[in-house]
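Residue-level listing of the chains:
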Amino acid sequence: MQISRYTGLISRLAKRRRTEINHNRSLAKYSNFKLAQAYTDFLERNQNSCSVNKDRIDYYESNTLPANDPTEDRLVATRVRGTGMHMFSVIDGHGGWQCAHAIKTRLHYYMTLNLLDAADLTSRNPLNKGDWVEPIPGDMGMQWIRQYVFDIRTAESFLSRYKRRLHLEANEDHDTHLQLERSFEDLDDDIGTEAVPTVQRITKDAVSRLLTATSGACVCSAVIDGDQLSVAGLGDCRAILGSVDSGEGVGTTVLTEEHRTFNPIERERLIREHPREDEDIMFFDERLCGILQPTRAFGDVTLKWSSREKVLLEYVFDETSYIPNYISPPYLISRPEVHSITLRPEHKFLIIASDGLWDGLSDEQAVRLVLETPENVNTATWLIRNSLSRDNEKRLHKILSIPPGPICRSVRDDITVIVVHFN
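What counts and what doesn't
Residues numbered from 1 in each chain as written. Predicted model: local features only at pLDDT ≥ 70, side-chain atom pairs only at ≥ 80, totals over all residues. Heavy atoms only, no water. Helix = DSSP H or I, 4+ residues; strand = E, 2+ residues; numbered from the N terminus. Areas by Shrake-Rupley, 256 points an atom, 1.4 Å probe, with all protein chains shown as cover. Lys, Arg positive; Asp, Glu negative; His and termini not counted. Charge placed at Lys NZ, Arg CZ, Asp CG, Glu CD. Patch = residues over 30% accessible without salt bridge, like charges linked within 9 Å, V, L, I, M, F, W, Y side chains within 5 Å. Salt bridge = Lys/Arg side-chain N within 4 Å of Asp/Glu carboxyl O. Buried < 20%, exposed > 50% of the residue type's maximum accessible area, 1.4 Å probe, protein only. Pairing = 2+ DSSP bridges. Arc of directions from axis to C-beta.

Visitor: With reference to specific residues and values, describe the overall build of the protein chain.
Guide: Across its full length, the protein chain carries 15 helices and 13 strands. Over its C-alpha atoms, taken along the principal directions, the protein chain stretches across nearly 110 × 55 × 45 Å. Surface accessibility of the protein chain: about 20800 Å² in total, with carbon and sulfur atoms responsible for 50%. Here the protein chain holds 51 positive side-chain charges and 62 negative ones, and the gap between their average locations is 11 Å.

Visitor: Mind laying out a nonpolar patch on the surface, listing which residues take part and the relevant values?
Guide: On the surface, a cluster of nonpolar side chains totalling about 190 Å² of accessible area is made up of Val244, Val250 and Leu371. As for its position among the elements, Leu371 is in helix H12 (residues 363–371). Taking the relative accessible area as the measure of exposure, Leu371 reaches 39% and is therefore partly exposed.

Visitor: Which residues make up the pairing of strand S12 (residues 347–353), and what values go with them?
Guide: For S12, a buried count of six out of seven residues is recorded, marking the element as mostly surrounded by other parts of the structure. As paired elements, strand S8 (residues 238–245) and S12 share six bridges and run antiparallel to each other. Residue pairing in the sheet places Ala239 in a bridge with Ile352 of S12. Direction of pairing for S12 relative to strand S13 (residues 415–422): antiparallel, over a ladder of five bridges. Paired with Ile351 across the two strands is Val419, which belongs to S13.

Visitor: Before we move on, can you summarise helix H7 (residues 204–214) with the specific residues and values?
Guide: Those residues of H7 that sit buried are Ala206, Arg209, Leu210, Thr212 and Ala213. Summarising the axial view, the buried residues of H7 lie within an arc of 155°, below the 170-degree limit, and thus occupy one face.

This is the structure in structure tokens:
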């Protein structure tokens, strides 16, 4: 009788324990589900998709995942007003967000100024921003363009470039490569010129312009006009053209060069341009002058200005800008490399992304992932997810669990992606 009573008690306790274990498992599954959903929400926070249906462009998708706080990356997609020309740019800032933000708000104006012919230019008011670029209809993420206003210094710079462009038009051929190169170099020159105060006292505006000029940005811009695609690359952003051919299968075409110190072509160019420099010092620690990996970029006037000009930086920021063996600046240039191609039916999409994406994906992997993107999933988000996870979901969750800031930046970089799909 006593044994039977204990047996029943043990049975009830065991049943209760099994119920608790099953309940805890259910809670753990629910918790993991909620956690995974939270990571997905964070990953998708800045994603965007916009239908175009114009010439060869069907639609495009984009996303930005910050590692810095605030993020130093930017992206911009616009249409040239009154034409079928579309422009897409990914901007990878460094040393601060200010230069990247200036490029975002101004570069497409300069590109439009140089790409249009004289007859089209004369009908546009250089001081009316609405005459130049506009958001692509339906893209709610780019509506800031309608509110953007030139300040006095930037308006003066753009007006001066407009007059110069009209004067040059009669004396030159229409060369897309040359015009895109000029767009980048003109804007970079203006950013540096505007950073020099026009009055003796240092104002808040002057400090802001100096911060823009001393920070930097690598850029990849694509111009699509009918069947013509031109890509201008500056620094270490990358553009990949994906194609699918029934006879040759999946194809990958790289449309940019890596402008970094480990690129032998860039090293040879720098050695040729600076024959008096000590090579070991110029590429100290695999960085340009021991400071920067990119060999081409916007901003970064500490590697462009003369020692005499850099006295201004020491006066304003109260810190030395001394660089050993600083003999023959500028070391850093803002001239992009431009590649053009005529789009054919087998060309399916264009990927433009900052270097943060390519830290975890090869060119071929990226193209395959775009083709294998699940239905109703943003392609740019899918690329970022796979770049971070590397087929390991736990790794993705660990990385995304670190909030943007210095610790996160030590683990990964800001990632910005635009995918343009062709019809």
